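# Working through the structure, step by step
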Amino acid sequence: MKTYLLIPLLTFLAMPVYAAKMSMPIDAPKSYEAECASCHMAYPPALLSEKSWSNVMSSLSKHFGTDASIDEKDKSELTAWLKKNATTRQKYSETAPENRITKTSWFIRKHDEVRPDVWKRAGVKSPANCSACHVDAAKGDFNEDRIRIPAK
Ligand code: HEC
Ligand code: HEC
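Fair warning: this is a prediction, and the values are worked out from it, not measured in the lab. (Residues numbered from 1 in each chain as written. Chains lettered and ligands numbered in written order. Predicted model: local features only at pLDDT ≥ 70, side-chain atom pairs only at ≥ 80, totals over all residues. Heavy atoms only, no water.)

### So, the site of ligand 1
What counts here: We call a residue near a molecule or strand as soon as one heavy atom of that residue lies within 4 Å of the molecule or strand. Here a polar contact is taken to be a pair of N or O atoms separated by no more than 3.5 Å, where protein atoms must pair a possible hydrogen donor with a possible acceptor and residues adjacent in sequence count only if both atoms sit in side chains. Helix numbering and strand numbering both begin at the N terminus, where a helix is a DSSP run of H or I of at least 4 residues and a strand a DSSP run of E of at least 2.
Around ligand 1 sit 20 residues in total, of which C36, C39, H40, H63 and S126 are the nearest. With respect to ligand 1, the side chain of R100 contributes an N or O atom lying 2.7 Å from an oxygen atom. Secondary structure elements with two or more residues in the shell around ligand 1: α2 (30–36) and α3 (50–57).

Here it is in structure tokens:
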């Protein structure tokens, strides 16, 4: 096949996968897992915009009712890495209200079929607990084929 036909075809084929993939970059600093995955999963950086990551990382001492402060060296390394890998897609680029992925308009829209009581199930606990339903969330895979909603 001619390359000029192949490129649009491949782009088209990759689209549905791309829409649900926010892959965890392979070059995550060790400190990301160590410092940012003890209370919740390590969120793939493409879930937030650059500005939102700056906001999260500059307010770690007051982090959602807890103190998530880390040393300056880790903080500057992680901040740079998170910003470098932040979303580049217009659709996901809004500055997240309250620094929450779960308060962005795209998150709310994508989850409008999830009934309010489902978020409160013991197996879910919080909308921020992505991996309760998206079994491969830690890899940045949010494909609808890999969703298992806990029954209770
Ligand atoms: C001491 C525990 C703790 C540590 C360590 C921690 N967090 Fe959190 N984080 C929380 C809590 C609690 C929430 C709110 C969770 C909820 O609403 O269910 C949260 C929420 C978040 C959210 C928003 C989730 C949403 O609702 O969309 C982001 C983004 C986030 N954390 C990033 C980080 C990053 C980056 C680090 C590492 C620098 C980190 N967290 C380390 C406790 C922690
Ligand atoms: C209660 C279970 C549940 C939790 C928790 C949850 N989701 Fe979802 N998510 C869903 C369902 C259901 C859909 C809709 C799938 C569909 O399109 O039919 C969805 C859709 C999505 C989509 C769109 C997928 C696509 O193919 O377009 C993304 C992206 C996503 N979720 C990210 C997240 C992130 C990030 C978190 C955590 C901050 C999260 N979700 C937490 C259940 C959940």
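### Focus on the coordination of the iron atom of ligand 1
As a reminder of what qualifies: A donor here means an N, O or S atom no more than 2.8 Å from the metal, or no more than 3.2 Å when the metal is Na, K or Ca. Since water is not included, a site may seem to lack partners. Think of it this way: with four donors and all angles in the 85 to 135 degree range, the site is tetrahedral; with four or six donors, opposite ones beyond 155 degrees and the rest between 65 and 115, it is square planar or octahedral; otherwise it is irregular. With a 1.4 Å probe rolled over the protein chains alone, any residue whose accessible area is under 20% of its type maximum counts as buried; one over 50% counts as exposed, and the rest are partly exposed.
Around the iron atom of ligand 1, the donor atoms from the protein are H40 (NE2) and H63 (NE2), and they sit 2.0 Å away. Every donor counted, the six donor atoms about the iron atom of ligand 1 form angles of 88 to 180° at the centre, which fits octahedral coordination. Residue H40 is found in the loop between α2 and α3, and its partner H63 is found in the loop between α3 and α4 (72–84); the two are separated by 23 residues along the sequence. The class for H40 is partly exposed, based on a relative accessible area of 31%.

### What about the site of ligand 2?
Near ligand 2, the surroundings consist of 21 residues, among which K110, H111, C130, C133 and H134 are the closest. K110 has a polar side-chain atom sitting 3.2 Å from an oxygen atom of ligand 2. One of the side-chain N or O atoms of H134 is found 2.8 Å from a nitrogen atom in ligand 2. Secondary structure elements with two or more residues in the shell around ligand 2: α5 (105–110) and α6 (116–119). Counting residues per element, the shell around ligand 2 draws most heavily on α5, which supplies three residues.

### Focus on the coordination of the iron atom of ligand 2
For the iron atom of ligand 2, every protein donor is listed as H111 (NE2) and H134 (NE2), and the spread of their distances is 1.9 to 2.0 Å. Considering all six donor atoms around the iron atom of ligand 2, the spread of angles at the metal, 88 to 180°, places the coordination shape in the octahedral class. Note that H111 is positioned in the loop between α5 and α6 and H134 in the segment after α6, a separation of 23 residues in sequence.

### Notes on the side chain of N143
Mapped onto the elements, N143 comes out in the segment after α6. In this structure the side chain of N143 is engaged in a polar contact, spanning 2.9 Å, whose partner is the backbone nitrogen of D145.

### Here's the deal with the packing of α3 against α4
Heads up, the condition is: Axis angles are defined between N-to-C directions and span 0 to 180 degrees, where every axis is a line fitted to C-alpha atoms and, for a helix, only to the segment in contact. Relative orientations are named as follows: roughly parallel for angles under 35 degrees, roughly antiparallel for angles over 145 degrees, roughly perpendicular for angles from 65 to 115 degrees, and oblique for any other angle. Note: crossing handedness is left-handed where the near helix turns anticlockwise from the far helix by less than a right angle, and right-handed where it turns clockwise. Any two residues whose heavy atoms approach within 4.5 Å are treated as being in contact. Residues are grouped as follows: Ala, Val, Leu, Ile, Met, Phe, Trp, Tyr, Cys and Pro are nonpolar; Asp, Glu, Lys and Arg are charged; every other residue, Gly included, is polar.
Closest axis-to-axis distance for the α3/α4 pair is 9 Å, and the angle between their directions is 160°. What the angle tells us is that α3 and α4 run roughly antiparallel. For α3 against α4, the interelement crossing comes out right-handed. Residues E50, W53, S54 and M57 of α3 form the contact with α4, whose participating residues are K75, L78, T79, L82 and K83. Taken together, the residues that form the contact of α3 with α4 break down as four nonpolar, two polar and three charged.

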